[in-house]
Amino acid sequence: MAGLLTSNEVAARSGISLRQLQWWDERGLVVPSRQGHRRLYSLDDLAEVAVIAELRRKGFSLQRMRKVVRFLRQELGKRLVETVSGGSDYHLLTDGRRIYLENSAQQVIDILKNARQPMFAVCLSDAVRRVHPELRGRKSASSARGGGGAPLRKRVKLRA
């Protein structure tokens, strides 16, 4: 049980309710391991919960959150915490039809300048740092300099 968090601990760290965690588990959004009837979350699960909670606070529906999580898992090819612990900050932007994943401040600005409708933006790195103890307080060297590492440009179209 070392390194695993109970539902109560995850709810306290992420600011969401126990019922919300249960709902997300039932819907397959974040599926923790189990010990009997207890749900046990890894720190990687907690990072994903933090990002999903941030999306929920921005008004994303369950269907949209599923698409975003699926997109992140497919495009990044690894767990969210592994990606954001690297040298760049990752930003997720969406206009409701398309999702953009950027790690360059200039690319984020370009998307916002050229947007024809309102955009939602979430800094994935900050959401993960808020709840992940090993990353808390760690700011990437590239963001301290004001730039990103090698630019990442990913985009996917959401279906209505």
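From a predicted model like this one, the values you see are computed outputs, not experimental measurements.

Peer 1: Describe in detail empty space enclosed by the protein, supporting the description with residues and values.
Peer 2: Sizing a probe to match a water molecule and rolling it over the atoms shows the empty space that remains. Taken as a whole, this structure holds two cavities of 30 Å³ or more when the rule is applied. Glu48, Val51, Ile52, Leu55, Val68, Val69, Leu72, Arg73, Leu76, Lys78, Arg79 and Leu80 together form the lining of the largest cavity. Contributing elements (two or more residues each) for the lining of the largest cavity: helix 3 (43–57) and helix 4 (62–76). Ranked by residues supplied to the lining of the largest cavity, first place goes to helix 4 with five residues.

Peer 1: Describe the side chain of Asp45, naming the residues involved and giving the relevant values.
Peer 2: Mapped onto the elements, Asp45 comes out in helix 3. When residues no more than four places from it in sequence are discounted, the contact partners of Asp45 are Val30, Val31, Pro32, Leu40 and Arg79.

Peer 1: Go over the pattern of salt bridges, please, and point to the residues and values.
Peer 2: Applying the stated criterion across every chain yields a total of eight salt bridges. The salt bridge partner of Arg39 is Asp25, with a shortest N-O separation of 2.6 Å. Placement of the pair is Arg39 in strand 3 (residues 38–41) and Asp25 in helix 2 (residues 18–26), with a sequence separation of 14 residues. Using a relative accessible area of 8% as the deciding quantity, one classes Asp25 as buried. The shortest N-O distance in the salt bridge between Arg130 and Glu54 comes to 3.3 Å. Of this pair, Arg130 sits in helix 7 (residues 124–131) while Glu54 sits in helix 3, placing them 76 residues apart in sequence. The exposure class of Glu54 is buried, given its relative accessible area of 16%. Counted as one network, the salt bridges with shared partners bring together Arg19, Glu26 and Arg27.

Peer 1: Requested: an account of the confidence of the model for the chain, with residues and values cited.
Peer 2: Taken residue by residue, the chain gives an average pLDDT of 78. The fraction at 70 or more is 78%. Here residues 137–152 scores under 50 on pLDDT; set against residues more than four positions off or in separate chains, the count is 28 contacts.

Peer 1: Outline helix 7, listing residues and values.
Peer 2: Extensive coverage of helix 7 is indicated by the burial of six of its eight residues. Among the residues of helix 7, Leu124, Ser125, Ala127, Val128, Arg129 and Val131 are the ones counted as buried.

Peer 1: Can you lay out the side chain of Ser125 for me, pointing to particular residues and giving the numbers?
Peer 2: Take Ser125: it is sitting in helix 7. Within the local environment of Ser125, its side chain forms a polar contact with the backbone nitrogen of Tyr90, the two atoms lying 2.9 Å apart.

Peer 1: Residues and numbers for the layout of surface pockets, please.
Peer 2: There is about 230 Å³ of room inside the largest pocket. Lining the largest pocket we find 12 residues, and of these Asp95, Tyr100, Asn114, Ala115 and Arg116 sit closest to its centre. At the level of elements, strand 5 (98–102) and helix 6 (105–114) are the ones that each hand at least two residues to the lining of the largest pocket. Taken together, the residues of the lining of the largest pocket sort by class into four nonpolar, two polar and six charged.

What counts, and at which threshold
- Position numbers for residues start from 1 in each chain and track the written sequence from start to end.
- For a predicted model such as this one, the threshold for reporting local features is a pLDDT of at least 70, and the threshold for listing and counting side-chain atom pairs is 80 or more; totals across whole chains, interfaces and linings nevertheless cover every residue.
- No hydrogens and no water enter the side-chain calculation; it runs on all heavy atoms of the structure.
- Lining residues are defined by having an atom within 4 Å of a point belonging to a cavity or pocket. Those points lie on a 1 Å grid over the protein atoms alone, cavities being sets where a 1.4 Å probe fits but cannot get out and pockets being open sets with protein on both sides within 12 Å along at least five of seven lines.
- Grid points are joined across faces, edges and corners, and a volume is the space filled by probe spheres set on the points.
- Where helices and strands are cited, they refer to DSSP runs of H or I of at least four residues and of E of at least two residues respectively, numbered from the N terminus.
- Residue contacts follow a heavy-atom distance rule, with two residues in contact if any of their heavy atoms lie within 4.5 Å.
- By convention in these notes, a salt bridge is any Lys or Arg side-chain nitrogen within 4 Å of a carboxyl oxygen on Asp or Glu.
- With a 1.4 Å probe rolled over the protein chains alone, any residue whose accessible area is under 20% of its type maximum counts as buried; one over 50% counts as exposed, and the rest are partly exposed.
- Per-residue confidence from the prediction method is given by pLDDT, with values spanning 0 to 100.
- N or O atoms closer than or at 3.5 Å make up a polar contact, with two conditions inside protein: a donor-capable atom paired with an acceptor-capable one, and, for residues adjacent in sequence, both atoms drawn from side chains.
- Three categories are distinguished: nonpolar for Ala, Val, Leu, Ile, Met, Phe, Trp, Tyr, Cys and Pro, charged for Asp, Glu, Lys and Arg, and polar for the others, with Gly belonging to the last.

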